[in-house]
Amino acid sequence: MDAVFQFTLPPECECLGSAVSFADDIHQILSRTPLLESLDLNDTQLLCNHMTCFSAPRGCMLLHQGDTSGFMLILLTGRAELLLTDESGADHSMASLGPGRTIGEMSMIDQTPHSVSCVAQEPVDVVVLTREAFRDILLTMPRLGNKLMLAVMHSLAERLHRAQFDLMHQWPKSAPPWSATIPGPL
């Protein structure tokens, strides 16, 4: 499936073509990534049939906070930074991501706007999985689809736990925002 024209990346991104051409390299990267390490070479090759590879220069804004995209990126090489823009327009660095990390999977799943922006900190190579390709995999290759869905769920759970941890440490010790043992409103 050629998904090149089903989504929009910035014009400075260079399309490298179908991920099938890079399946062995992609498998090596994914096999070292806890989120996607359960994919064997055959799974990766099947997945690559539904993805497209791109190269982006340093400073390229891969995703914009507030935009909807309908795809997720898997970072193959380089580093990218997640930025949160506050009400005053100031950018705050949320995380720096390396090879194997996924970006945009929440928006791909629920079609909501991106909660953060993502900018390439150095030249990067990414592979793109569109919402349509993800649905096709779920319907036609349930074994692979289940592995991908579990990986996405794991990623989302990890982010939720991190957000809960951060929230807990922002509240004063004497006044927690909620309690499982103290009655009161949630």
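How each quantity is defined
Residues numbered from 1 in each chain as written. Predicted model: local features only at pLDDT ≥ 70, side-chain atom pairs only at ≥ 80, totals over all residues. Heavy atoms only, no water. 1 Å grid on protein atoms, 1.4 Å probe; cavity = no way out; pocket = protein on both sides within 12 Å on 5 of 7 lines; lining within 4 Å. Points joined across faces, edges and corners; volume = space filled by probe spheres on them. Helix = DSSP H or I, 4+ residues; strand = E, 2+ residues; numbered from the N terminus. Nonpolar A, V, L, I, M, F, W, Y, C, P; charged D, E, K, R; others polar. Pairing = 2+ DSSP bridges. Contact = heavy atoms within 4.5 Å. Axes fitted to C-alpha atoms, helices over the stretch in contact; angles between N-to-C directions. Buried < 20%, exposed > 50% of the residue type's maximum accessible area, 1.4 Å probe, protein only.

1. Section: empty space enclosed by the protein
Rolled over the atoms, a probe with the dimensions of a water molecule shows which regions are left empty.
Move 1: This model, assessed by the stated rule, comprises 1 cavity of 30 Å³ or more.
Move 2: Put simply, the largest cavity is a space of about 40 Å³.
Move 3: In terms of lining, the largest cavity is formed by L35, L36, M72, T102, E105, L148, A151, V152 and S155.
Move 4: It is helix 5 (residues 142-168) that contributes the most residues to the lining of the largest cavity, 4 residues altogether.
Move 5: Classifying every residue of the lining of the largest cavity by side-chain character gives 6 nonpolar, 2 polar and 1 charged.

2. Some remarks on the sheet that holds strand 1 (residues 14-18)
Move 1: Pairing in this open sheet of 5 strands is antiparallel, and the strands run 1-2-9-4-7 from one edge to the other. In the strand order of this sheet, the two ends are held by strand 1 and strand 7 (102-103), each with one partner.
Move 2: Bridge count for strand 1 against strand 2 (residues 51-56) is 4 bridges, and the pairing is antiparallel. Within strand 2, the position partnered with C15 by the bridge is F54.
Move 3: Relative to strand 4 (residues 71-77), helix 1 (residues 23-31) is tilted by about 90°, and along the sheet it contacts strand 2, strand 4 and strand 9 (124-130).

3. Notes on the pairing of strand 9
On any regular strand, side chains alternate: one points to one face of the sheet, the next to the other face.
Move 1: Here strand 9 lies mainly inside the structure; 6 of its 7 residues are buried.
Move 2: By the bridge criterion, 6 bridges tie strand 2 to strand 9 in an arrangement that is antiparallel. Residue pairing in the sheet places M51 in a bridge with L129 of strand 9.
Move 3: With 6 bridges connecting them, strand 4 and strand 9 associate as antiparallel partners. Bridging across to strand 9, M72 finds its partner in L129.

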